[in-house]
Amino acid sequence: GVAGLYRTGKSFLMNRLLQSQDGFDVGPTVNPCTKGIWMWGQPVELAKDFYAILIDTEGLGSFQRSQGVDMQIFSLCILLASVFVYNSMGAIDDQALDNLGLVVNLTKHIRAKSGNAQAAQETEDLAQYAPSFLWVVRDFNLRLEDRQGNSITPKDYLEAALKPLAGSGEAVQTKNEVRDVIRRMFRERDCITMPRPVADEGDLRNINKIPFEALRPQFQQAATTFVQKVYTSLKPKTIDGTPMNGPMLAVLAQAYCEAINNSAVPTIQSAWAQAVTHQLSKNLKNAVKSYREAMNTQAMQSLPMDGATLREMHKKFKKEAVAIFNCSGFDANDGRYAEARVQLAARIRQLYDHVEEQNQTASRHFCEREAKGLVGAVDGKIRSGEISQFDTLMHEWQTVKRQYLTRAKGPVKQEVLLDVLVEKLSESFLTLWNSMKVTLDKQTADLRRKVMEAQGQAQAHQEAKNQSQSMSQDHFADQKKQWTTRVMQLDTQLDDARRELEDVKYKASQEIAKKSDTERVLREEIKAMQERLARAGSSGASRGAGGPVPAGQIDSLRDAVYAAISELKTTDIEKKQLELKAEHEKQLIGLERKFQKQLTEARRKNEQLIETLRQTYEEEVESLKVQKHEAQQALKKVESEREAKRNEVEVLQSRMATLQRDFELRKEHAASLHRQSELICDYLARMPEPGTGPGNALKSELMGLNTGTADRYGLFSQNLPPRSSQAR
């Protein structure tokens, strides 16, 4: 901001800072162009997030304004500026210092704090809020030398002018008071001298119409030095170490103006408190808005999600919100900042709790839907009979658990796993047990029926075999008796036939011998007779010659021959008859032997049939025994499996009960940790002095909960695998 006597070219200096000829109004008349305080509408960007606002003030000492208005304008310029440019003409002399005498009364129109303080102390208090001071001496045509003739800088020139005057008296004290206030008020001060821009008075009156390049080179150089010095010395406007932004400057200016318009003395601390409160409220609103929008667009649209992911997003968005809240650079030790920071944390926590609650709700719905789908698949397999063994069911549940943990999202997936899947696990095992029990009962009944049928068949086979064997034995006994009787008869007949045959043979042999003898005798007789006949014939011939043979003797011989031949034929016939009878007996013996052979063969076949029936019966009995043994073994196996499954169910039920107890303990542990976190938060929020307030009760309860949690966690460590718990 710039201030100084009216019609001294203050607006021209502001235009040089804008590098423009058409910025603030510059007029050639005695009437001031600037009324009150003007600000350039467009901030000048010096760096990123660093802007300069140019303030032009109405000239001091105008006949149109009173000294009170001058004091108000002068005070506002000092209050709002970070660099205060005082513009004067000619040189720094007593008159120039007297014109700056408003600073002496500055403490009467501005206060750093509320309440009354000594003038010297008030000046010191105001000095810490005062801007840097740059005295621009216009139309300067003197040489900068000290009393010894050595060249000095404009700053040295200013410092020399601000030294106290020697002497005493009221006038000297008044002048020294002005010098002392300037030194104490403006601790950072500098000076710059600028020659006359043009030599012609007419050009001076129309200076705003003359191009800057057409001005005197010495003035151009000085103006350039002025611009550089102002912009290089610019620092952010700070109060109590906190840099000020545009909205805060506006609130501060409004507070100062309201105090002045209400005929009150502007208090920097009060106005700053309003500005800080306003800015903190705005920052809080923007930070909460940023966090809410980020959570709505990125978190709420992606629910459910894992708790760790949500916490990471919460940390990220909270960090961004805190950065927005801290963009004004407030002092962390400021109580108002700390209070607003607590409010921000509470609002963010409230929003996060809402998002977390929505995440838990969405996670519960999603996980329950996934769990029900997986459980329904298992139930379908149990009903369809695809799962018929506990090992298969346990493997299926392990698969379901892996699939659930892969698909499930959100912080309550473990809770749903315990609430839904474990319950359904128990139900499925009971369902499978009931199904297996029905199946086993049915199989047991079938096996018992089959065993009874097999026993009945075995008994029937045994009875049939016994009956068949009895019938076979009776039949065989009858046959054997008949055969024995027949054999005895045949043996008797055979013996009789044999004896008869022997007799016949003996008789035949005797007869044959006798016949042979007879035949031999007859043959001999026949031969003798033939010989006799031959002799008779020969003797007859000889007798014929000598005498005939008697006819009776010849007939007698013939009859004897015929009788011998007939007897011989009879003997031959009898012999043939004996031979036929012998042949018949031989045939009878052959038939007897054939019958004996057939009888032996029939007996052998009957014995073979009996042996075959016996072996078949024994094989069937053995097969029935094997079937009965197998059925008994199968029944024992079924009973063993049934007992094993019953034991498995009991183990699973015991495990379910243990899991349920563990789950209840975990819930109790979580509730304890949650209460502990609430107590910690409450304790940290209150932060009482040691030994005072409700801190002792909270600490006692907190210590008790810590001890109880440690004991309870020790119980967990004995029954459960280690499990970390994190309290909010």
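Every value quoted in this text rests on a predicted model; they were computed, and no experiment measured them. (Residues numbered from 1 in each chain as written. Predicted model: local features only at pLDDT ≥ 70, side-chain atom pairs only at ≥ 80, totals over all residues. Heavy atoms only, no water.)

Draft legend 1. Structural view of the overall build of the protein chain. In terms of helices and strands, the protein chain carries 17 helices and ten strands. Looking at the protein chain as a whole, 35% of its 728 residues are labelled buried. In the protein chain, the share of contacts with a sequence separation of at least 24, taken over all contacts with a separation of at least 6, comes to 73%. About 42,700 Å² of surface is accessible on the protein chain, with carbon and sulfur atoms providing 51% of the total. (Helix = DSSP H or I, 4+ residues; strand = E, 2+ residues; numbered from the N terminus. Buried < 20%, exposed > 50% of the residue type's maximum accessible area, 1.4 Å probe, protein only. Contact = heavy atoms within 4.5 Å. Areas by Shrake-Rupley, 256 points an atom, 1.4 Å probe, with all protein chains shown as cover.)

Draft legend 2. Broad picture of the packing of aromatic side chains. Scanning the model with the defined rule gives nine aromatic pairs in all. With 5.9 Å between their ring centres and 10° between their planes, phenylalanine 84 and phenylalanine 186 make a pair best called stacked. With phenylalanine 84 in strand 6 (residues 83-89) and phenylalanine 186 in the loop between helix 7 (170-185) and strand 8 (189-193), this residue pair connects regions lying 102 residues apart in the sequence. One exposure class covers both phenylalanine 84 and phenylalanine 186, and it is buried. Members of the aromatic cluster, each reached through a chain of ring pairs, are Phe74, Phe84, Tyr86, Phe133, Trp135 and Phe186. Between arginine 16 and the ring centre of phenylalanine 212, over which it is positioned, the NZ or CZ distance is 3.7 Å. (Phe/Tyr/Trp six-rings, centres within 6.5 Å; stacked < 30°, edge-to-face > 60°. Lys NZ or Arg CZ within 6 Å of the ring centre and 35° of its normal.)

Draft legend 3. Highlighting the pairing of strand 3 (residues 44-47). The sheet contact formed by strand 3 and strand 4 (residues 50-52) spans three bridges and is antiparallel. Across the sheet, residue glutamate 45 finds its bridge partner in strand 4, namely tyrosine 51. The antiparallel hairpin formed by strand 3 and strand 4 contains two residues in its connecting segment, where aspartate 49 sits at a positive phi of about 60°. (Pairing = 2+ DSSP bridges.)

Draft legend 4. Seen up close, the confidence of the model for the protein chain. Mean pLDDT over the protein chain: 77, with 82% of residues reaching 70 or higher. Within the model, pLDDT remains below 50 along residues 710-728, and this stretch shows 27 contacts once partners closer than five positions in the same chain are excluded. (pLDDT = per-residue confidence, 0-100.)

Draft legend 5. Here's a closer look at helix 14 (residues 390-407). Its 18 residues place the ends of helix 14 25 Å apart at the C-alpha level, agreeing with the 26 Å of an ideal helix rising 1.5 Å per residue. Those residues of helix 14 that fall on the buried side of the exposure criterion are Phe390, Leu393, Glu396, Trp397, Thr399, Val400 and Tyr404. (Expected span 1.5 Å × (residues − 1).)

Draft legend 6. View of the nonpolar core. Judged by nonpolar contacts, the single largest core of 77 residues is most densely connected at Phe74, Phe84, Ile92, Trp135 and Phe186. The biggest single contributor to this core is helix 11 (residues 268-299), with 13 residues. Counting residues in each nonpolar core, the second largest holds 28 residues, with Phe24, Val83, Val198 and Ala223 among its members. (Core = buried A, V, L, I, M, F, W, Y, C linked by side-chain atoms within 4.5 Å.)

Draft legend 7. Layout of unusual backbone geometry. Cis geometry is found at the peptide bond from leucine 303 to proline 304, where omega equals -5°. Within the element layout of this structure, proline 304 appears in the loop between helix 11 and helix 12 (307-325).

Draft legend 8. View of the packing of helix 2 (residues 67-80) against helix 10 (residues 246-261). Helix 10 packs onto helix 2 with a crossing angle of 155° between their chain directions and a minimal axis gap of 11 Å. In this view, helix 2 runs roughly antiparallel relative to helix 10, as classed from their interaxial angle. The way helix 2 lies across helix 10 gives a crossing that is right-handed. For the pair formed by helix 2 and helix 10, the contact residues are Gln72, Leu76, Leu79 and Leu80 on the first element and Leu249, Ala253, Tyr256, Cys257 and Ile260 on the second. Tallied by class, residues from the contact of helix 2 with helix 10 come to eight nonpolar, one polar and no charged. (Axes fitted to C-alpha atoms, helices over the stretch in contact; angles between N-to-C directions. Parallel < 35°, antiparallel > 145°, perpendicular 65-115°, else oblique. Left-handed = near helix turned anticlockwise from the far one by under 90°. Nonpolar A, V, L, I, M, F, W, Y, C, P; charged D, E, K, R; others polar.)

Draft legend 9. Fine view of the side chain of lysine 237. Positionally, lysine 237 belongs in the loop between helix 9 (217-233) and strand 9 (238-239). A distance of 3.3 Å separates the side chain of lysine 237 from the backbone oxygen of leucine 79, its partner in a polar contact. Among the polar contacts made by the side chain of lysine 237, one reaches the main-chain carbonyl oxygen of alanine 81 at a distance of 2.9 Å. The residues touching lysine 237, leaving out its near neighbours within four places in the chain, are Ile78, Leu79, Leu80, Ala81, Ser82, Tyr129, Thr242, Pro243 and Met244. (Polar contact = N/O pair within 3.5 Å; in protein donor to acceptor, adjacent residues only side chain to side chain.)

Draft legend 10. Spatial organisation of the environment of leucine 18. Within the fold, leucine 18 resides in helix 1 (residues 10-18). Judged by relative accessible area, leucine 18 falls into the buried class, the value being 17%. Distance in space between the C-alpha atoms of leucine 18 and leucine 54 is 8.6 Å, their sequence separation being 36 residues. Beyond its immediate stretch of four places on either side in the chain, leucine 18 contacts Gly23, Phe24, Trp40, Val44, Leu54 and Tyr231.

Draft legend 11. Representation of the side chain of arginine 189 within the structure. Mapped onto the elements of the fold, arginine 189 is located in strand 8. What makes arginine 189 buried here is its relative accessible area of 16%. Within the structure, the side chain of arginine 189 is placed 3.2 Å from the backbone oxygen of arginine 183, a separation counted as a polar contact. A polar contact is formed between the side chain of arginine 189 and the backbone oxygen of phenylalanine 186, at a distance of 2.7 Å. Look past the residues within four positions of arginine 189 in its chain and what remains in contact with it is Phe133, Lys155, Leu158, Glu159, Leu162 and Arg183.

Draft legend 12. Looking closely at the pattern of salt bridges. Under the defined criterion, the tally for this structure stands at 14 salt bridges. One salt bridge in this structure joins arginine 349 and aspartate 353, with 3.3 Å as the shortest N-O distance. Placement of both arginine 349 and aspartate 353 in helix 13 (residues 335-384) is noted, with a separation of four residues, approximately one turn of the helix. Its relative accessible area of 33% is what places arginine 349 among the partly exposed residues. The salt bridge partner of arginine 449 is aspartate 446, with a shortest N-O separation of 3.9 Å. Of this pair, arginine 449 and aspartate 446 are both found in helix 15 (residues 413-546), three residues apart, which corresponds to roughly one turn of the helix. A residue is classified by how much of its surface remains accessible, and arginine 449, at 40% relative accessible area, is partly exposed. Accessibility expressed as a relative area gives 29% for aspartate 446, which makes it partly exposed. (Salt bridge = Lys/Arg side-chain N within 4 Å of Asp/Glu carboxyl O.)

Draft legend 13. Here's a closer look at the pairing of strand 8. Here strand 8 lies mainly inside the structure; five of its five residues are buried. The alternating pattern of strand 8 places Arg189, Cys191 and Thr193 on one face and Asp190 and Ile192 on the opposite face, and all of these are buried. In terms of strand pairing, strand 7 (residues 132-138) meets strand 8 through five bridges, oriented parallel. Looking at strand 8, one finds that tryptophan 135 is bridged to cysteine 191.

Draft legend 14. Geometry of the packing of helix 1 against helix 9. It is at 10 Å that the axes of helix 1 and helix 9 come closest, and there the two elements cross at 70°. The angle between helix 1 and helix 9 falls in the class roughly perpendicular. Between helix 1 and helix 9, the residues in contact are Phe12, Leu13, Arg16, Leu17 and Leu18 and Phe219, Phe226, Val227, Val230 and Tyr231, respectively. When its residues are assigned to classes, the contact of helix 1 with helix 9 shows nine nonpolar, no polar and one charged.

Draft legend 15. Spotlight on the environment of alanine 259. Turning to its location among the elements, alanine 259 is positioned in helix 10. We classify alanine 259 as buried; its relative accessible area is 16%. Residues alanine 259 and alanine 271, twelve residues apart in the sequence, show an inter-C-alpha distance of 9.0 Å. Discounting chain neighbours no more than four positions away, the residues touching alanine 259 are Ala264, Val265 and Pro266.

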